[in-house]
Amino acid sequence: ITDTLREGETLSDLFERHKINFDFQWLDSTSLLNPRRVRAGLIFSFRKLPGDSAPSHIAVRTSPEQRVIFSRISDRWSGSAQPIQWQTQESWPAI
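All values reported here derive from a predicted model rather than from experimental measurement.

Caption draft 1: The arrangement of the nonpolar core in detail. Counting residues in each nonpolar core, the largest one holds 18 residues, and the members touching the most others are L11, F15, F44, I58 and F70. Within the residue set of this core, elements represented by two or more residues are α1 (11–17), β2 (43–47), β3 (57–63) and β4 (66–73).

So this is what it looks like as structure tokens:
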């Protein structure tokens, strides 16, 4: 499921819509995603495990160079930043 952060909406609003209990104080202490500076229009991807009522995986592309992934294990969330690898068309293999 994908959902877009709307103008004037907080991350708490977005996550609540998807039944996610998230400790935003933990997020403040990381450099992954600043909940006070997140901009409207970001597209979040939410994935649920079969049988779960709430997502266990959240992904958002925070910039052209980075994607942030959050994973729920039991009742805790962990996060990581993943670089997005770009290639110029000239570096593609010849067909």
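Caption draft 2: Here's a closer look at the environment of D52. With respect to the element layout, D52 can be found in the loop between β2 and β3. Taking relative accessible area as the criterion, D52 reaches 32% and is therefore assigned partly exposed. A polar side-chain atom of D52 sits 3.2 Å from a polar atom in the side chain of R72.

Caption draft 3: Up close: the packing of aromatic side chains. Counted by the stated rule, this structure contains six aromatic pairs. An angle of 85° between the planes, with centres 5.3 Å apart, marks the rings of F15 and F22 as edge-to-face. A connected cluster of aromatic rings, assembled from ring pairs, spans F15, F22, F44, F46, F70 and W77.

About the criteria used
Residues numbered from 1 in each chain as written. Predicted model: local features only at pLDDT ≥ 70, side-chain atom pairs only at ≥ 80, totals over all residues. Heavy atoms only, no water. Core = buried A, V, L, I, M, F, W, Y, C linked by side-chain atoms within 4.5 Å. Buried < 20%, exposed > 50% of the residue type's maximum accessible area, 1.4 Å probe, protein only. Helix = DSSP H or I, 4+ residues; strand = E, 2+ residues; numbered from the N terminus. Polar contact = N/O pair within 3.5 Å; in protein donor to acceptor, adjacent residues only side chain to side chain. Phe/Tyr/Trp six-rings, centres within 6.5 Å; stacked < 30°, edge-to-face > 60°.

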